[in-house]
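# Remarks on the overall topology
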Amino acid sequence: MHTASADAPFAPTAADNDARRLRRGTLLGLLGVALFALTIPMTRLASGSTAAPQLSPWFVAFGRAAFAGAAAAVYLVTVRAPWPNASQWRMLALTALGVVFGFPLFMGLAVVRVDAVHASVVTGILPLVTAALGAWLLGRPQRPLFWCCAWVGCALVVAFAWWRGGAALQAADGLLALALVLGALGYVWGAQLSATLRPEHVISWVLVLSLPVTLPMTWSTWPVAPVRPASWLGFAYVSLFSMWLGFFAWYRALALGGTVRVSQVQLLQPFLSIIAAVPLLGEAVDASTILFLLAVMGVVFASRRVAAAPPSFTSASRRPEAHP
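Along each chain, residue indices are assigned from 1 in the same order as the chain's sequence is written. Only residues with pLDDT of at least 70 are given local features in this predicted model, and only at 80 or more are side-chain atom pairs given and counted; all residues enter the totals for whole chains, interfaces and linings. Water and hydrogen atoms were dropped before computing side-chain values, which therefore reflect all heavy atoms in the structure.

The next subject is the overall build of the protein. Counting its secondary structure elements, the protein contains 13 helices and zero strands. For the purposes of this entry, the term helix denotes a DSSP run of H or I that reaches at least four residues, the term strand denotes a run of E that reaches at least two, and both are numbered from the N terminus. Mapped in sequence order, the helices and strands of the protein form the string α-α-α-α-α-α-α-α-α-α-α-α-α. Exposed residues in this analysis have more than 50% of their type's maximum accessible area, buried residues have under 20%, and partly exposed residues fall in between, with area computed by a 1.4 Å probe over protein chains only. Per-residue burial for the protein yields a buried fraction of 53% across its 324 residues. Contact between two residues is taken to exist if any of their heavy atoms lie within 4.5 Å; hydrogens are not considered. Taking as baseline every contact in the protein between residues at least 6 positions apart, the subset at least 24 positions apart corresponds to 89%.

Pasting the structure below:
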């Protein structure tokens, strides 16, 4: 009987391939998180506050998508991206509802009412919301401990918002909740699309599809009063990185490593957002806020440990379009 030489390389197993994809997905997820971490402080920098308003939150939300959409259109033409099919267009529209309209608009309306530190702690639960919605929508059963983590995380965020609001919830907290849910849905739908389209093409087509709405809204909300240069800098950042380039890494990461598992690297995002808010906006962080944040992050981390693994990536249902 013929036996393989001891020096012959071993063929990678399905588990090896899955582990390699998860590592790549995690690294790309960290890059996406690093880019997204500045979104809240840069949005606050662009919009200002109720006491010192700058760019309108409506202009920031629609304008950033319009400018990113123009860049995305040039990109798609340059790379000769394939035209999506009918079912993909429907999913692209759902993704746009979350990441182009829902999250940016409600987040922008919230951060003019509360500081970036407050928003960063509340949105710290985004990875858990993404994982929970992904498990529900994709029909991937989770252990009871995972759902316990989800409820505990929500309770912590509500308690923090109640405490910061002086023993009352604020309207901004409701806006942040809407931003969380819609943003998480956009992540899940975009990750699903990334199984059949290149992730770079997914966000680009989403932005181009939204142009008939974002362009006229940008024009109608264009600022008429002088705006400080720093606000335009914040707007430029959320247009180029938060709205477009960050998703190049993020959607590819979710497609490689699985929505439930890779979404948890956002554990670091609120820490990075708060660190950025201090020098950029001059905000202060107290010990109680840090304790709440650590508690939320602990729950998110625990949910990652108990989350059920997604189906093998090497199954027969792998994406038809290969990614380099």
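After that view, the rundown keeps rolling.
The next point concerns the packing of aromatic side chains. Ring geometry is summarised as follows: Phe, Tyr and Trp rings, the Trp one being its six-membered ring, pair when their centres sit within 6.5 Å, and such pairs are stacked at plane angles under 30 degrees, edge-to-face over 60 and tilted between the two. Tallying each qualifying case throughout the model produces 25 aromatic pairs. Consider the rings of phenylalanine 59 and tryptophan 232, whose centres lie 5.9 Å apart with planes at 85 degrees: the pair is edge-to-face. Pair noted here: phenylalanine 59 is in helix α3 (residues 57-79) and tryptophan 232 is in helix α10 (residues 229-257), with a separation of 173 residues, a long-range link. Classification of phenylalanine 59 by relative accessible area gives buried; the value is 0%.

We now examine the nonpolar core. Take the buried residues of types Ala, Val, Leu, Ile, Met, Phe, Trp, Tyr and Cys, join any two whose side-chain atoms come within 4.5 Å, and each joined set is a nonpolar core. Core analysis: the largest hydrophobic core is formed by 76 residues, its most contacted members being Ile203, Leu207, Phe247 and Trp250. If one sorts the elements of this core by residue count, helix α8 (residues 171-193) sits on top with eleven residues. Every residue in contact with phenylalanine 247, bar those within four places of it in the chain, is listed here: Phe36, Val99, Tyr187, Ile203, Ser242 and Arg252. Counting residues in hydrophobic clusters, the runner-up holds eleven residues, among them Met42, Leu55, Val60 and Val227.

Let's shift gears to the environment of histidine 118. Its location among the elements puts histidine 118 in helix α5 (residues 116-122). The spacing of histidine 118 and alanine 172 is 54 residues in sequence and 10.0 Å in space, taken between C-alpha atoms. In contact with histidine 118, not counting residues within four places along its chain, are Phe160, Ala161, Arg164, Gln170, Asp173 and Leu176.

As for its placement among the helices and strands, proline 104 is situated in helix α4 (residues 86-111). A relative accessible area of 4% means that proline 104 is categorised as buried. The residues contacting proline 104, other than those within four sequence positions of it, are Ala61, Arg64, Gly98, Val99 and Met243.

A few words now on the packing of helix α7 (residues 144-164) against helix α13 (residues 287-306). Inter-axis angles, ranging from 0 to 180 degrees, are taken between N-to-C directions of lines fitted to C-alpha atoms, where helices are fitted over the stretch in contact. Where α7 meets α13, the axes come as close as 8 Å, and the angle between the chain directions of the two elements is 165 degrees. It follows from the interaxial angle that α7 and α13 lie roughly antiparallel. Note that α7 runs across α13; the crossing there is left-handed. Listed contacts from α13 to Leu145, Phe146, Cys149, Val152, Gly153, Leu156, Val157, Ala159, Phe160, Trp163 and Arg164 of α7 are Ser288, Thr289, Phe292, Ala295, Val296, Val299, Ala302, Ser303 and Val306. Here the term charged refers only to Asp, Glu, Lys and Arg, the term nonpolar to Ala, Val, Leu, Ile, Met, Phe, Trp, Tyr, Cys and Pro, and the term polar to all other amino acids, Gly among them. Partitioning the contact of α7 with α13 into residue classes produces 15 nonpolar, four polar and one charged. To sort the angles, those under 35 degrees are grouped as roughly parallel, those over 145 as roughly antiparallel, those from 65 to 115 as roughly perpendicular, and the leftovers as oblique. Throughout, a crossing is termed right-handed when the near helix is turned clockwise from the far one, and left-handed when it is turned anticlockwise from it by less than a right angle.

Okay, the pattern of salt bridges next. Should the charged atoms of two oppositely charged side chains come close, the side chains can pair. Note on definitions: salt bridges are taken to be side-chain nitrogens of Lys or Arg within 4 Å of carboxyl oxygens of Asp or Glu. Taken as a whole and judged by the stated rule, the model has three salt bridges. The residue arginine 198 makes a salt bridge to glutamate 200 at a minimum N-O spacing of 3.5 Å. For glutamate 200, a relative accessible area of 11% puts it in the buried group. Arginine 252 serves as the salt-bridge partner of glutamate 200, at 2.9 Å between the closest nitrogen and oxygen. Of this pair, glutamate 200 sits in helix α9 (residues 199-220) while arginine 252 sits in helix α10, and the two are 52 residues apart along the sequence. An identical accessibility class is assigned to glutamate 200 and arginine 252; each is buried.

Before going further, it helps to examine the state of the cysteines. By convention in this document, the label disulfide applies to cysteine sulfur atom pairs within 2.5 Å. Tallied over the entire structure, the rule returns zero disulfides. In this structure cysteine 148 is not part of a disulfide, and its nearest cysteine sulfur, from cysteine 149, lies 7.1 Å away.

Now for α3. The first and last C-alpha atoms of α3 sit 33 Å apart over 23 residues, in line with the 33 Å expected at 1.5 Å per residue. Counted as a polar contact is a pair of N or O atoms within 3.5 Å, where, for protein atoms, one must be capable of donating a hydrogen and the other of accepting one, and residues adjacent in sequence contribute only when both atoms are in side chains. Measuring from the side-chain oxygen of the N-cap residue of α3 to the backbone nitrogen of tryptophan 58 gives 3.1 Å; that N-cap residue is serine 56. Phi turns positive, to about 55 degrees, at arginine 80, one or two residues after α3. Each residue after the first adds 1.5 Å to the expected span of a helix.

What follows concerns unusual backbone geometry. Leaving glycine out, the prevailing phi sign among residues is negative, and the prevailing peptide bond configuration is trans. Look at arginine 80: it is not a glycine, yet its phi comes out positive at around 55 degrees. With respect to the helices and strands, the residue arginine 80 is situated in the loop between α3 and α4. Its relative accessible area of 75% is what places arginine 80 among the exposed residues.

Moving on, we get to the packing of α3 against α10. When two helices pack together, their arrangement is given by the angle between the helix axes and the distance between those axes. One can describe the packing of α3 onto α10 by two numbers: an axis separation of 9 Å at closest approach and a directional angle of 50 degrees. As summarised for this structure, α3 and α10 are arranged oblique, according to the angle between their axes. Crossing of α3 against α10: the hand is right-handed. Residues Phe59, Val60, Gly63, Arg64, Ala65, Phe67, Ala68, Ala71, Ala72 and Tyr75 of α3 form the contact with α10, whose participating residues are Trp232, Phe235, Val238, Ser239, Ser242, Met243, Trp244 and Phe248. Residues that form the contact of α3 with α10 fall into these classes: 14 nonpolar, three polar and one charged.

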